[in-house]
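Chain by chain, the residues:
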Amino acid sequence: MGLFKRMETVLKSKMNTVLNKVEDPRETLDYSYERQLELLQNVKRGVAEVTSSKKAP
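How each quantity is defined
- Residues numbered from 1 in each chain as written.
- Predicted model: local features only at pLDDT ≥ 70, side-chain atom pairs only at ≥ 80, totals over all residues.
- Heavy atoms only, no water.
- Helix = DSSP H or I, 4+ residues; strand = E, 2+ residues; numbered from the N terminus.
- Rg over C-alpha atoms; globule rule 2.2 N^0.38 Å.
- Buried < 20%, exposed > 50% of the residue type's maximum accessible area, 1.4 Å probe, protein only.
- Areas by Shrake-Rupley, 256 points an atom, 1.4 Å probe, with all protein chains shown as cover.
- Lys, Arg positive; Asp, Glu negative; His and termini not counted.
- Charge placed at Lys NZ, Arg CZ, Asp CG, Glu CD.
- Expected span 1.5 Å × (residues − 1).
- Patch = residues over 30% accessible without salt bridge, like charges linked within 9 Å, V, L, I, M, F, W, Y side chains within 5 Å.
- Salt bridge = Lys/Arg side-chain N within 4 Å of Asp/Glu carboxyl O.

### Focus: the overall build of the protein
Okay, so step 1: Counting its regular elements, the protein contains two helices and zero strands.
Okay, so step 2: Computed over its C-alpha atoms, the radius of gyration of the protein comes to 21 Å, more than 25% above the 10 Å expected for a compact globule of 57 residues.
Okay, so step 3: In terms of overall dimensions, the protein has C-alpha extents of about 65 × 35 × 5 Å along its principal axes.
Okay, so step 4: When each of the 57 residues of the protein is scored for burial, the buried share is 0%.
Okay, so step 5: Accessible surface, the protein as shown: approximately 5800 Å² in total, 63% of it carbon and sulfur.
Okay, so step 6: For the protein, the distance from the average position of its 11 positive side-chain charges to the average position of its 8 negative side-chain charges is 8 Å.

Have a look at this one:
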């Protein structure tokens, strides 16, 4: 088991190195920003639903 776990770790680190070379930080930042905006919109929608459900008799 130890050998397979070690091989897995080595492969993951190699893949991470390759992806870091290909990755554009600006694109990653743009994607993260868009995702945060979507999540914020979901939170606002949820708060509105809770507020409206509390007001309903």
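### Details of helix α1 (residues 2-22)
Okay, so step 1: Given a rise of 1.5 Å per residue, 21 residues ought to cover 30 Å, and the 31 Å separating the end C-alpha atoms of α1 matches this to within 8%.
Okay, so step 2: A small share of α1 lies buried, amounting to zero of its 21 residues.

### Re a negative patch on the surface
Okay, so step 1: Negative charge collects at one region of the surface, where Glu 23, Glu 27, Asp 30 and Glu 34 lie side by side.
Okay, so step 2: Residue placement: Glu 34 occurs in helix α2 (residues 25-55).
Okay, so step 3: Accessibility expressed as a relative area gives 48% for Glu 34, which makes it partly exposed.

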